[in-house]
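# Analysis of the macromolecular model
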Amino acid sequence: MSSKKVVGFLIATGTLLIVSLVITFTLILPNHFNTKVNEVLAYSFNVGGENDSTISEMATDKLSLTKSIVFSPTKSVEWSDGFVCYGNTIDDGVEYSNTQTSKYVCAIPFTVSNCKETEIKFKVEVMLSGALQDSVSYKVYDYVDKKYKSLNEINIGYYEFESSEISRLESNSSKSFCLVCYAEGDGGELSEKSNINIQISC
């Protein structure tokens, strides 16, 4: 076999090897490396306990997000219960229903924990600022009965299926929610933004 044929054979073999590796890594293995791009970061408010850097203590028994979340929706929308997908608990993760939803809906999952030795009653407040603040509406998903509620229902309401108060926590217990914000409207394009913060007080 001449040297030209040997070189040609090596080049062809190398090319075939590279092509097969590219096919392997792009078609067969990507599911092992992909992260859940729609998964949403959850926050934990620990009343009377230690909090991580995402939570700031504004005063005694008053906590807030350290940094407001910037919400820049691409368009206004009408409300839908299907904007966000939930597991049985907040630990199962929270995801937008699809990649388009994440462009015009802002989901903020959070847990309120009572780290004190006595029972507490907490209050949830949503603080909005920025040019779009007057257009932003929101609902709160409650993991206990898997329903959306208003802030008023969270702060002073009772569960229909039991007599327990939504915003009351026994010692060393917690409740999880997800704030879902959207710019209410008929699908018009938007270019402004709003800053969203959550405050928990007792």
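Residues numbered from 1 in each chain as written. Predicted model: local features only at pLDDT ≥ 70, side-chain atom pairs only at ≥ 80, totals over all residues. Heavy atoms only, no water.

## Re the overall build of the protein
When its secondary structure is counted, the protein shows 3 helices and 14 strands. For the protein, the residues scored as buried account for 36% of the 202 residues in total. Sequence-distant contacts, at least 24 apart, represent 72% of the contacts inside the protein between residues at least 6 apart. (Helix = DSSP H or I, 4+ residues; strand = E, 2+ residues; numbered from the N terminus. Buried < 20%, exposed > 50% of the residue type's maximum accessible area, 1.4 Å probe, protein only. Contact = heavy atoms within 4.5 Å.)

## Some remarks on the pattern of salt bridges
Taken as a whole and assessed by the stated rule, the structure comprises 7 salt bridges. Here R168 ties to E119 by a salt bridge, and the two come within 3.3 Å at their closest N and O atoms. With a gap of 49 residues between them, R168 in strand β12 (residues 168-169) and E119 in the loop between β7 (105-114) and β8 (120-121) connect regions that are remote in the sequence. Residue classification places R168 among the partly exposed residues on the basis of a relative accessible area of 33%. Look at E119 and you get partly exposed, because its relative accessible area is 47%. (Salt bridge = Lys/Arg side-chain N within 4 Å of Asp/Glu carboxyl O.)

## Concerning the environment of Y104
Following the sequence through the fold, Y104 ends up in the loop between β6 (94-96) and β7. In sequence terms Y104 and G187 are 83 residues apart; their C-alpha atoms lie 9.8 Å from each other.

## Some points on the side chain of E165
Structurally, E165 can be placed in the loop between α3 (151-156) and β12. The class for E165 is buried, based on a relative accessible area of 10%. Within the local environment of E165, its side chain forms a polar contact with the side chain of R168, the two groups lying 3.0 Å apart. (Polar contact = N/O pair within 3.5 Å; in protein donor to acceptor, adjacent residues only side chain to side chain.)

## Things to note about the sheet that holds strand β11 (residues 147-149)
What the 5 strands build is an open sheet, ordered β1-β7-β13-β10-β11; its pairing is mixed. The strands lining the two open edges of the sheet, one partner per strand, are β1 (43-47) and β11. With strand direction ignored, the average angle separating the axes of adjacent strands in the sheet is 30 degrees. One ladder, built from 7 bridges, connects strand β10 (residues 136-142) with strand β13 (residues 173-183); its direction is antiparallel. Paired with S137 across the two strands is Y182, which belongs to β13. (Pairing = 2+ DSSP bridges. Axes fitted to C-alpha atoms, helices over the stretch in contact; angles between N-to-C directions.)

## Observations regarding the pairing of strand β14 (residues 194-201)
For β14, a buried count of 7 out of 8 residues is recorded, marking the element as mostly surrounded by other parts of the structure. Taken together, the 3 bridges between strand β3 (residues 62-65) and β14 define a ladder with antiparallel strand orientation. Across the sheet, K62 pairs through a bridge with S201, a residue of β14. Pairing between strand β9 (residues 123-129) and β14: 7 bridges, direction antiparallel. The partner of V126 across the bridge, within β14, is I198.

## As for the environment of K139
Of note, K139 is situated in strand β10. When the C-alpha positions of K139 and V180 are compared, they lie 5.5 Å apart, and in sequence the two are 41 residues distant. Apart from residues no more than four positions distant in its own chain, K139 is found in contact with W79, Y148, K149, C178, L179 and V180.

## Observations concerning the nonpolar core
Within the largest apolar cluster, 31 residues are counted, with the highest numbers of intra-cluster contacts made by F110, L179, I198 and I200. Beyond its immediate chain neighbours, meaning those up to four positions away, F110 contacts Y43, F45, I90, V124, K175, S176, F177, L179, I198 and I200. In this structure, V94, Y96, A107 and Y141 belong to the second largest nonpolar core, which totals 16 residues. (Core = buried A, V, L, I, M, F, W, Y, C linked by side-chain atoms within 4.5 Å.)

## A look at the pairing of β7
With 10 of 10 residues buried, β7 lies mostly within the body of the structure. By the bridge criterion, 10 bridges tie β7 to β13 in an arrangement that is antiparallel. In the sheet register, V105 faces β13, and the bridge partner there is Y182.

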